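Residue-level structural notes
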Amino acid sequence: MHLLDAHAQALEVFDRAVHETGPADWPRATPCAEWSVRDLVNHLVAEQLWAPLLLEGATLDDVGDRFDGDVLGDDPVVAWETAAAAAREAWVAPGVLQRTVHVSFGLIPAEEYGWQMVLDLAVHGWDLAIALGKPNPVPSGLAAHLLEVLRPMVDDWQGIGLFDPPVAVGRGASAATRLVALLGRRPR
C-alpha cells in the first residue's frame, strides 16, 4: 500500500467519525483518558494544520504556538474539514515525499512523518468511533499495512508517553484489533 493511499483511507476513517459526531457528543469521554471528543478532534485538527507548514520546510520554532489551545472555534466540523483538506493538498503536492520534515525529535524523511500521521488518523479514528458507540472503523488492509510498516517504530515509542503499553489480544484478532491493542487500546 502506498503512503498516499493509506493517508487517504486514514483521513476518511477520521472524517467519517467527525461527521457522525452530534452536538451532544462533544463533551463525551474517549478512550484517551484525558480527552473529550472535542479535545480529540482539536488534537487532530491542530495536527493537520501543522502538516502543510512542516512539509514546506518550516521548523517547530517557525510554527511556534500558533496551533496551541482551541483550534476548533464555534464549528468543529468545519474546522476539521478545512484543516484536513489543506493537509491532504500538502501531502499530494509533487515531490513532497522526497522532502525532510522537522519534528520534535529531529529531522526525518517526509515519508516517515506521513506514516506517523496515517497511524494517528487511524487510531484516533478508532478512539472517536468508540467514544460515539460505533464499531472499529479501521479497514483491515490499512490496519495490516500499518502493523507491518510501523511495528518497529511503535516498539521504539513505547515508554516515552505516546501510547499506553500494548494490550494482549487473541491469535484470531483482526488486524484492526491488533493495531489498536498494540497502541494500548482495549478492543471492544
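Now for a description of the structure that goes with this document. All figures in this text were calculated on a predicted structure; none of them were measured in a lab.

Some thoughts on the overall build of the chain
- For the chain, the count of helices and strands is seven helices and two strands.
- Mapped from its N terminus to its C terminus, the chain presents α and β elements in the order α-α-α-α-β-β-α-α-α.
- Here the C-alpha atoms of the chain give a radius of gyration of 16 Å, agreeing with the 16 Å that 2.2 N^0.38 yields for 188 residues.
- Here the C-alpha coordinates of the chain stretch approximately 45 × 40 × 30 Å along the principal axes.
- Taking the intrachain contacts of the chain between residues at least 6 apart in sequence as the baseline, contacts between residues at least 24 apart amount to 68%.

Quick notes on the pairing of strand E2 (residues 106-109)
- Summarising the sheet, strand E1 (residues 100-103) and E2 pair through four bridges and their orientation is antiparallel. Looking across to E2, one finds that Thr100 is bridged to Pro109.
- A loop of two residues connects E1 with E2, the two strands running antiparallel in sequence.

Topic: the nonpolar core
- Core analysis: the largest hydrophobic core is formed by 67 residues, its most contacted members being Val41, Trp80, Trp91, Tyr113, Leu128, Val138 and Leu146.
- Contributions of two or more residues to this core are made by helix H1 (3-19), helix H2 (37-55), helix H4 (76-91), E1, helix H5 (110-131), helix H6 (140-157) and helix H7 (175-182).
- Considering every element that reaches this core, the biggest residue donor is H5, with 13 residues.

Considering the packing of H1 against H2
- Put simply, H1 and H2 touch, their axes get as near as 12 Å, and they point 140° apart. Relative to H2, H1 is oriented oblique. The chirality of how H1 crosses H2 is left-handed. Each of Leu11, Phe14 and Val18 in H1 lies in contact with H2, whose residues at this interface are Leu40, Val41, Leu44 and Gln48.
- Looking at the contact of H1 with H2, its residues break down into six nonpolar, one polar and no charged.

What about the side chain of His124?
- Residue placement: His124 occurs in helix H5.
- A relative accessible area of 5% places His124 in the buried class.
- Polar side-chain contacts of His124 include one of 2.8 Å to the side chain of Asp127.
- If we skip the residues at most four places from it in the chain, His124 touches Phe14, Cys32, Trp35, Leu40, His43, Leu44 and Arg185.

What to know about H7
- The buried count for H7 comes to six of eight residues, which makes it a mostly enclosed element.
- Along H7, the residues classified as buried are Ala175, Ala176, Leu179, Val180, Ala181 and Leu182.
- Gly184 occupies a position one or two residues after H7 and carries a positive phi of about 85°.

Rules used throughout
Residues numbered from 1 in each chain as written. Predicted model: local features only at pLDDT ≥ 70, side-chain atom pairs only at ≥ 80, totals over all residues. Heavy atoms only, no water. Helix = DSSP H or I, 4+ residues; strand = E, 2+ residues; numbered from the N terminus. Rg over C-alpha atoms; globule rule 2.2 N^0.38 Å. Contact = heavy atoms within 4.5 Å. Pairing = 2+ DSSP bridges. Core = buried A, V, L, I, M, F, W, Y, C linked by side-chain atoms within 4.5 Å. Buried < 20%, exposed > 50% of the residue type's maximum accessible area, 1.4 Å probe, protein only. Axes fitted to C-alpha atoms, helices over the stretch in contact; angles between N-to-C directions. Parallel < 35°, antiparallel > 145°, perpendicular 65-115°, else oblique. Left-handed = near helix turned anticlockwise from the far one by under 90°. Nonpolar A, V, L, I, M, F, W, Y, C, P; charged D, E, K, R; others polar. Polar contact = N/O pair within 3.5 Å; in protein donor to acceptor, adjacent residues only side chain to side chain.

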